[in-house]
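Summary of the model geometry
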Amino acid sequence: MAAAQVNRTPIVLAAGLILIAVYVLMPRERRYPRWIGGLAAGGAFFAVGELLIRWQALTVESFLFKVFALIAIVAGGMLVTQRNPVHAALSFALVVLSTCGLFLLQAAPFLTAATIIVYAGAIVVTFLFLIMLAQQEGPSDADYRSREAEFTCASAFVLLGTLVYVVQLNYDTHDVDALLHQLESARKHETAEAIDAVLDMPSFVEQALRVANARSGRIDDAFKNGIFGLQLKWSDLKEKNDAAGMRAELARVENLIRQSLGEAALAVKPERSVPLSIFSGAASNAEDKRRDKTGQAAMPAANVAALGRSLFTDYLIPVELAGTLLLVATIGAIAIASRPTEGLR
Amino acid sequence: MSAAAALHNYLIVGAILFALGIVGFVARRNLIIMFLSVEMMLQGVALNMVAFARFYGNLQGQVFVLFMLTVAACEAGIALALILMLYRRRRSLDVSLWQELREPGVEATIDEEPLTPPPQMPPLPKLTPAGVEPKKTVRS
């Protein structure tokens with residue numbers, strides 16, 4: 001394989017900005033004004049980010065997903081292990097904020113706002129009020145102890161292991177994503193030699209067949225013909241230096257892999273799960289969903305309007321019942337908490 | 001679709017939040033931390049629902065999360081009222097004080113080292129009443 005052509009300028013720029021920022025921000029007797037250091041550090045972050053995106057080591061979506069997921073899990077761990085209930089309430093607010101960030105990545109902006117307002121806004125503040133009323137002297141001795149920690153953690157480990165195993169068994173798409181990523185990165189190049197250099201055809205075909213066998217998706221003759229057809233045509237296109245033809249072939253194979261091995265061929269398919277009507281979106285097992293550029297199903301851009309349409313047509317009765325439930329809960333909470341008790345006051 | 005943000009990664013994060021919530025609910029003694037762990041379990045399930053809504057391209061998952069939000073708000077209100085009542089009876093947020101409510105046939109968990117008693121507030125001083133005492137009206 002030929003050596004990749006690496007553009008040196010962004011690397012030099014990023015490294016230079018990082019070192020300039022560090023030099024400016026070093027402690028010394030007569031400091032540089034802070035804004036110079038801030039500017040250099042900001043420039044360094046941008047340069048490194050641009051490098052990562054250029055090398056496709058990192059997309060914005062995957063970076064944000066990793067950050068939000070990490071914060072959610074760490075804050076969740078802190079929530080269950082903190083001694084002070086106030087710290088636990090604040091960790092819970094952090095869990096809610098990072099989960100809302102993950103909602104935002106999944107095209108649910110209304111739920112992001114609603115969850116932040118209800119959970120991190122109302123529920124956490126109510127809890128803090130309760131702690132203020134009930135535990136004014138700080139964490140008590142009982143807060144420093146836990147009940148049967150070993151048994152609990154062992155059972156939660158079994159539960160988590162089972163869940164993760166089943167999820168990986170049914171919904172794991174690492175190998176197919178790797179294939180698609182190879183095709184996509186090969187298609188970006190301009191000349192036929194570059195495309196051929198990036199994509200090693202025999203190993204790609206072997207990898208595709210191996211993934212197909214492992215998945216036992218729709219490995220019918222159409223799939224095999226498609227893959228072998230690509231292999232046969234490849235040497236032809238390479239001789240003719242036909243870059244556009246190569247790209248067209250790669251696009252065709254990409255569609256083929258998406259159909260046979262992608263989401264439509266997952267082991268767990270919804271049977272006839274149709275939403276109540278088309279107001280709530282396309283049917284889950286529809287074959288011809290609208291898809292966006294990355295191949296994911298397209299969600300409505302006007303999320304609030306679509307949710308409103310769905311709630312007030314398909315789910316009207318649950319909405320009314322939820323309103324009744326809220327009323328009953330309000331009455332119940334007031335009735336419970338305002339009862340005078342016997343015993344200590 | 002970037003590999004890091006695939007469906008199964010979101011499902012795994014939801015599962016982790018759920019398992020952590022279960023640990024917090026069963027193992028902690030403070031009523032408030034127990035309730036916060038329950039809310040964290042609900043967050044894990046909500047993440048699951050929203051990930052599937054995105055995956056299938058319809059809004060059912062999001063509508064269900066909206067209803068879950070409503071129910072969680074009701075549950076928070078009533079749980080806090082109940083916690084307040086429990087605190088008024090025993091003056092503590094420890095759930096181990098309520099072991100007489102356990103199932104018959106299950107032994108009570110007793111602390112090996114007994115808990116230190118909560119610090120007693122010093123008795124309030126008795127002050128002489130200020131001002132002139134009003135005349136007592138005699139009613140026969």
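Heads up: the structure comes first, above all this text.
Attention here is on the structure that accompanies the text. None of these values were measured; they are calculated from a predicted model.

What follows concerns the overall build of chain B. Helix and strand counts for chain B stand at three helices and zero strands. In chain B, the succession of α and β elements from N to C terminus is α-α-α. In terms of C-alpha radius of gyration, chain B reaches 25 Å, well past the compact-globule figure of 14 Å for 140 residues. Scored against the burial criterion, the 140 residues of chain B give a buried share of 52%. Counted over contacts in chain B with a minimum sequence separation of 6, partners at least 24 positions apart contribute 51%. Element-wise, carbon and sulfur atoms account for 66% of the exposed surface of chain B, whose accessible area totals about 7700 Å².

Moving on to the packing of helix 4 (residues 85-105) of chain A against helix 2 (residues 31-56) of chain B. Contact pair helix 4 of chain A / helix 2 of chain B: the axes reach a minimum separation of 10 Å and the direction vectors enclose 5 degrees. If you check the angle between helix 4 of chain A and helix 2 of chain B, you find them roughly parallel. Of the residues in helix 2 of chain B, those touching helix 4 of chain A at A:P85, A:A88, A:A89, A:F92, A:V95, A:V96, A:T99, A:L102, A:F103 and A:L105 are B:I33, B:L36, B:E39, B:M40, B:Q43, B:A46, B:L47, B:V50 and B:R54.

With that settled, the discussion passes to the nonpolar core. For soluble globular proteins, the rule of thumb is that nonpolar side chains tend to be buried together. Membership of the largest hydrophobic core comes to 68 residues, with the highest contact counts inside it found for A:F65, B:Y10 and B:L36. When residues of this core are traced back to their parent elements, those giving at least two are helix 3 (60-81), helix 4, helix 5 (109-134), helix 6 (149-171) and helix 12 (303-313) of chain A together with helix 1 (7-27), helix 2 and helix 3 (60-90) of chain B. By size, the runner-up hydrophobic cluster in this structure holds 26 residues, among which are A:L199, A:M201, A:W234 and A:A243.

Time to look at the pattern of salt bridges. Residues and elements named next belong to chain A. If you walk through the whole model with that rule in mind, you get four salt bridges over all chains. Here K233 ties to E249 by a salt bridge, and the two come within 3.2 Å at their closest N and O atoms. Remark: E249 occurs in helix 11 (residues 243-261) and K233 occurs in helix 10 (residues 221-240); sequence separation between them is 16 residues. What makes K233 partly exposed here is its relative accessible area of 38%. Residues R252 and E249 are paired through a salt bridge, measuring 3.0 Å at the closest nitrogen-oxygen approach. With R252 and E249 both in helix 11 and three residues apart, this pair spans about one turn of that helix.

The next point concerns the interface of chain B and chain A. Counting from both sides, the interface comprises 85 residues of chain B and, opposite them, 102 residues of chain A. When the two sides are added together, the surface that chain B and chain A hide from each other amounts to roughly 8500 Å², 71% of it contributed by carbon and sulfur. For the interface between chain B and chain A, the tally reads zero salt bridges. On inspection of chain B and its partner chain A, the count reaches ten residue pairs in polar contact (both at pLDDT 80 or more). Elements with a minimum of two residues in the side of chain B that touches chain A: helix 1, helix 2 and helix 3 of chain B. At 24 residues, helix 3 of chain B tops the list of elements feeding residues into the side of chain B that touches chain A. Among the residues forming the side of chain B that touches chain A, the class breakdown is 59 nonpolar, 16 polar and ten charged.

Topologically, B:Y87 is positioned in helix 3. For the pair formed by B:Y87 and B:I33, sequence separation is 54 residues and the distance between their alpha carbons is 14 Å. Those residues within four positions of B:Y87 in sequence are excluded, and the remaining contacts are A:L133, A:A134, B:S92 and B:L93.

Relative orientation of the contacting elements helix 13 (residues 316-337) of chain A and helix 3 of chain B amounts to 10 degrees, with a least axis distance of 9 Å. Between helix 13 of chain A and helix 3 of chain B, the crossing angle belongs to the class labelled roughly parallel. In contact with A:P318, A:V319, A:A322, A:L325, A:L326, A:A329, A:A333, A:I336 and A:A337 of helix 13 of chain A, helix 3 of chain B contributes B:F67, B:T70, B:V71, B:C74, B:G77, B:I78, B:A81, B:L82, B:M85 and B:R88. Along the lines of polarity and charge, the residues of the contact of helix 13 of chain A with helix 3 of chain B split into 16 nonpolar, two polar and one charged.

Below, the discussion takes up the packing of aromatic side chains. Each aromatic ring pair is summarised here by two numbers: the centre-to-centre distance and the angle between the ring planes. All names here are of chain B. By the definition in use, this model includes six aromatic pairs over all chains. In this structure an aromatic cluster arises from ring pairing among F52, F55 and Y56. Of note, R90 hangs over the ring of W98, and the distance from its end group to the ring centre comes to 4.3 Å.

Residues and elements named next belong to chain A. Positive phi is not limited to glycine here, since A107 has a value of about 60 degrees. Along the chain, the position of A107 falls in the loop between helix 4 and helix 5. Taking relative accessible area as the criterion, A107 reaches 24% and is therefore assigned partly exposed. One non-glycine residue, E148, lies in positive phi territory at about 50 degrees. Of note, E148 is situated in the loop between helix 5 and helix 6.

Here we come to the side chain of B:R28. Mapped onto the fold, B:R28 is located in the loop between helix 1 and helix 2. A distance of 2.9 Å separates a polar atom in the side chain of B:R28 from the backbone oxygen of A:V80. A distance of 2.7 Å separates a polar side-chain atom of B:R28 from the backbone oxygen of A:Q82.

Attention now goes to helix 1 (residues 8-25) of chain A. All names here are of chain A. Look at helix 1: 26 Å from first C-alpha to last across 18 residues, which is about the 26 Å you get at 1.5 Å a residue. Residues of helix 1 that are buried include every one of P10, A14, A21 and V24, and no others. With its buried residues spanning 110 degrees around the axis, helix 1 presents them on a single face. Among the exposed residues of helix 1, those oriented more than 90 degrees off its buried face are R8, V12 and L19. The elements touched by buried residues of helix 1 are helix 2 (34-54).

What follows covers a nonpolar patch on the surface. All names here are of chain A. On the surface, a cluster of nonpolar side chains totalling about 410 Å² of accessible area is made up of I18, L19, V22, M26 and V48. Looking at the nonpolar patch, the element that brings in the most residues is helix 1, giving three residues. As for its position among the elements, V48 is in helix 2.

About the criteria used
Residues numbered from 1 in each chain as written. Chains lettered and ligands numbered in written order. Predicted model: local features only at pLDDT ≥ 70, side-chain atom pairs only at ≥ 80, totals over all residues. Heavy atoms only, no water. Helix = DSSP H or I, 4+ residues; strand = E, 2+ residues; numbered from the N terminus. Rg over C-alpha atoms; globule rule 2.2 N^0.38 Å. Buried < 20%, exposed > 50% of the residue type's maximum accessible area, 1.4 Å probe, protein only. Contact = heavy atoms within 4.5 Å. Areas by Shrake-Rupley, 256 points an atom, 1.4 Å probe, with all protein chains shown as cover. Axes fitted to C-alpha atoms, helices over the stretch in contact; angles between N-to-C directions. Parallel < 35°, antiparallel > 145°, perpendicular 65-115°, else oblique. Core = buried A, V, L, I, M, F, W, Y, C linked by side-chain atoms within 4.5 Å. Salt bridge = Lys/Arg side-chain N within 4 Å of Asp/Glu carboxyl O. Buried area = accessible area lost by both parts, 1.4 Å probe. Polar contact = N/O pair within 3.5 Å; in protein donor to acceptor, adjacent residues only side chain to side chain. Nonpolar A, V, L, I, M, F, W, Y, C, P; charged D, E, K, R; others polar. Phe/Tyr/Trp six-rings, centres within 6.5 Å; stacked < 30°, edge-to-face > 60°. Lys NZ or Arg CZ within 6 Å of the ring centre and 35° of its normal. Expected span 1.5 Å × (residues − 1). Arc of directions from axis to C-beta. Patch = residues over 30% accessible without salt bridge, like charges linked within 9 Å, V, L, I, M, F, W, Y side chains within 5 Å.

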